[in-house]
Protein chains: 2
Amino acid sequence: MYSALYNHINKFIDLSTGEQEILASMLKSFSVKKKAFLLTEGQTCRANYFVVKGCLRLYFIDIKGAEQTTQFAIENWWITDLTSFLFQNPSEFYIQAAEATEVIAIEQHHYDEMFLKLPKLERYFRLILQKNHQASQRRIKFLYSQTAEERYRHFNSLFPEFVQRVPQYMLASYLGFTPEFLSKIRAKK
Amino acid sequence: MYSALYNHINKFIDLSTGEQEILASMLKSFSVKKKAFLLTEGQTCRANYFVVKGCLRLYFIDIKGAEQTTQFAIENWWITDLTSFLFQNPSEFYIQAAEATEVIAIEQHHYDEMFLKLPKLERYFRLILQKNHQASQRRIKFLYSQTAEERYRHFNSLFPEFVQRVPQYMLASYLGFTPEFLSKIRAKK
DNA sequence: TTCATTTCTTAAACTACATTAAGTTTTTTG
DNA sequence: CAAAAAACTTAATGTAGTTTAAGAAATGAA
């Protein structure tokens, strides 16, 4: 049922079968159709989502009405609007499936309970959050260090398969420019 | 000696006097003069730094030779180049004191040991990293949602005292524009 | 308290990227 | 598989922010 998550957890800590069962009682697993939403603006973010298969994205709508993608999550990544999730207040973000996606969710009312019942998971989530923090530091450096064109070429060389996987307008907003400009860059060469 | 850190930790978990002593054996505390470096490009980041008093900044030098500030840390914040710290490989960043600063440091060779000896601290650092992740999500949204001028005015209204505290050229690079443009904005009104 | 260094300001010329708008291609859906 | 919707392209025009360069002000050191 939740083996994708158990496998991931076991890369970082050892979770016994008994502990897996306790964890299972606090999880949900389900499919999300392409373009369906797990969160929309104004809603409270109910869960922290682990992607088993597929791709989710986190975005918001800016003042001009344009979608700004701030994060993607593919297989074995967690994604949520952390502030809305932790404090159960209204979100300014959307979480949408960029592809048909299978997720495992831990809802907020189980989140604290999980750490009480399975304190081992403190370590797992600390390590996951460290990876997230590394990713954020890399991301910020990336955004500050290059022009839009360089950012696209660099991203494309690092993750060519991912670039193929999502629509260009999502990628353009993730990289911080317009779809029109992305077209222009691609036409160049 | 380390009371600023103990106080901070005790906001999140309960650490006994005995546990504080164990922790103390893995910490160092020292002063950093204004403009002095805790890390420079090419060096391996030795420690994770907790600011007791003062202000540190994390920055890198971009292709054009300009300093790009990616993070500030004031009282009660941790700062490090996480990738270089965790994997002990050469950093592309500098960590510099923006003011005379007192820090508490945990060096890499004590970091894993700390979690073995004091597993309670898994929770503390998980919660700290959650706060960091919230801050990153806010930061990215902020960078993507507004023009340079709006970013400055917004930041200035949120943290007026901090804006006074650091040189404008550091702030400009943190907000993603040039010092000249910041001057222009400020002259406007 | 003076000299040197660092930081900040001003302004003109420039450019990377946005905007707008129309047309084309691809994907989705009944 | 046809029609509609979504995604992508092209190109002209516009602009927010950069670059360069020089001078002014503030800060720090001796």
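Residues numbered from 1 in each chain as written. Chains lettered and ligands numbered in written order. Predicted model: local features only at pLDDT ≥ 70, side-chain atom pairs only at ≥ 80, totals over all residues. Heavy atoms only, no water.

All told, the structure shown has 36 aromatic pairs over all chains when counted by the stated rule. Between A:Phe177 and A:Phe181, the aromatic rings sit 5.9 Å apart at their centres with planes inclined by 70°, giving edge-to-face as the arrangement. Ring centres of B:Tyr2 and B:Tyr6 lie 6.4 Å apart, and the angle between their planes is 80°; on these two criteria the pair is classed as edge-to-face. For the pair shown, B:Tyr2 and B:Tyr6 are each scored as buried. Over the face of the ring belonging to A:Tyr59 we find A:Arg57, whose NZ or CZ atom lies 3.9 Å from the ring centre. Here A:Lys131 stacks its cationic end above the ring of A:Trp77, 5.7 Å away from the centre of that ring. (Phe/Tyr/Trp six-rings, centres within 6.5 Å; stacked < 30°, edge-to-face > 60°. Buried < 20%, exposed > 50% of the residue type's maximum accessible area, 1.4 Å probe, protein only. Lys NZ or Arg CZ within 6 Å of the ring centre and 35° of its normal.)

Let us now look at the protein's contact with DNA strand D. Close to DNA strand D lie 17 residues, the nearest being A:Gln168, A:Ser183, B:Lys64, B:Ala148 and B:Thr178. When the atoms of DNA strand D within 4 Å of the protein are sorted by group, sugar and phosphate make up 71%. In this structure, a phosphate oxygen belonging to DNA strand D sits 2.9 Å away from a side-chain N or O atom of B:Lys64. Sorting the residues of the surface near DNA strand D by element identifies helix H8 (168–175) and helix H9 (179–188) of chain A together with helix H6 (148–158) and helix H9 (179–188) of chain B as the ones contributing at least two each. By residue class, the composition of the surface near DNA strand D is six nonpolar, four polar and seven charged. (Near = heavy atom within 4 Å. Polar contact = N/O pair within 3.5 Å; in protein donor to acceptor, adjacent residues only side chain to side chain. Helix = DSSP H or I, 4+ residues; strand = E, 2+ residues; numbered from the N terminus. Nonpolar A, V, L, I, M, F, W, Y, C, P; charged D, E, K, R; others polar.)

The next thing to look at is the relation of the copies chain B and chain A. Mapping between the two chain copies consists of a rotation about an axis together with a translation along that axis. Superposing chain B onto chain A takes a rotation of 180° plus a shift of 0.0 Å along the axis, which leaves an RMSD of 0.0 Å. Such a turn and shift between the copies fits a two-fold axis. The position closest to the rotation axis in chain B is occupied by the C-alpha of B:Arg126, lying 2.2 Å away. Same-surface contact between copies: 100% of interface residues of chain B are shared with the interface of chain A. (Least-squares fit on C-alpha atoms with pLDDT ≥ 70 in both. Contact = heavy atoms within 4.5 Å.)

Residues and elements named next belong to chain A. Taken in spatial order, the four strands of this open sheet run E1-E8-E3-E6, and their pairing is antiparallel. Here the strands that pair on one side only, and so sit at the sheet edges, are strand E1 (27–32) and strand E6 (78–79). Two elements, strand E3 (residues 47–53) and strand E8 (residues 101–107), share six bridges in a ladder whose sense is antiparallel. The partner of Val51 across the bridge, within E8, is Val103. (Pairing = 2+ DSSP bridges.)

It is worth spelling out the pattern of salt bridges at this point. Residue and element names in this part refer to chain A. Tallied over the entire structure, the rule returns 24 salt bridges over all chains. Across the pair Glu113 and Lys117 runs a salt bridge whose closest N-O atoms are separated by 2.7 Å. Here the residue Glu113 and the residue Lys117 both occupy positions in helix H4 (residues 108–117), the gap between them amounting to four residues, near one helical turn. Under the relative-accessibility criterion, Glu113 is labelled partly exposed at 24%. (Salt bridge = Lys/Arg side-chain N within 4 Å of Asp/Glu carboxyl O.)

Attention now moves to the protein's contact with DNA strand C. By nearness alone, 17 residues border DNA strand C, and A:Lys34, A:Lys64, A:Ala148, B:Gln168 and B:Ser183 come closest of all. For DNA strand C, the backbone makes up 75% of the atoms found within 4 Å of the protein, where backbone means sugar plus phosphate. At 2.9 Å from a phosphate oxygen of DNA strand C is found a side-chain nitrogen or oxygen belonging to A:Lys64. Here B:Gln168 contributes a backbone N or O atom positioned 2.8 Å from a phosphate oxygen of DNA strand C. Among the elements of the structure, H9 of chain A together with helix H8 (168–175) and H9 of chain B are those that each provide at least two residues to the surface near DNA strand C. The class makeup of the residues in the surface near DNA strand C is six nonpolar, five polar and six charged.

All names here are of chain B. Reading across from one edge, E1-E8-E3-E6 is the order of the four strands in this open sheet, with antiparallel pairing throughout. The outermost strands of the open sheet, each flanked by one partner alone, are strand E1 (27–32) and strand E6 (78–79). Examined bridge by bridge, E1 and strand E8 (residues 101–107) share six bridges and lie antiparallel to one another. Bridge pairing in E8 links Lys28 to Ala105.

Residues and elements named next belong to chain B. Within the fold, Glu41 resides in the loop between strand E2 (37–39) and strand E3 (47–53). Sequence separation of Glu41 and Arg186 is 145 residues, and the distance between their C-alpha atoms is 32 Å. Those residues in contact with Glu41 that lie beyond four places of it in its chain are Ile61, Ser91, Glu92, Phe93 and Tyr94.

All names here are of chain A. What helix H2 (residues 17–24) keeps buried is the set Glu19, Gln20 and Leu23. Buried positions in H2, seen along its axis, are confined to an arc of 105° and lie on one side of it. Facing away from the buried side of H2 by more than 90 degrees, the exposed set consists of Thr17 and Glu21. Of the surrounding secondary structure, the elements contacted by the buried residues of H2 are helix H1 (3–10), E1, H4 and helix H5 (120–145). (Arc of directions from axis to C-beta.)

Time to look at the interface of chain B and chain A. Taken together, the 40 residues of chain B in the interface contact 40 residues of chain A. A combined buried area of about 3500 Å² lies between chain B and chain A, and 59% of that area is made up of carbon and sulfur atoms. The tally of links from chain B across to chain A stands at six salt bridges. Here B:Arg126 ties to A:Glu122 by a salt bridge, and the two come within 2.5 Å at their closest N and O atoms. (Buried area = accessible area lost by both parts, 1.4 Å probe.)

Here the focus is the environment of B:Gln68. With respect to the helices and strands, B:Gln68 occurs in strand E5 (residues 67–73). Sequence-wise, B:Gln68 and B:Ala172 are 104 residues apart; in three dimensions their C-alpha atoms are separated by 8.8 Å. What B:Gln68 contacts, discounting residues up to four positions off in sequence, is A:Tyr144, B:Leu58, B:Tyr59, B:Phe60, B:Asp62 and B:Ser173.

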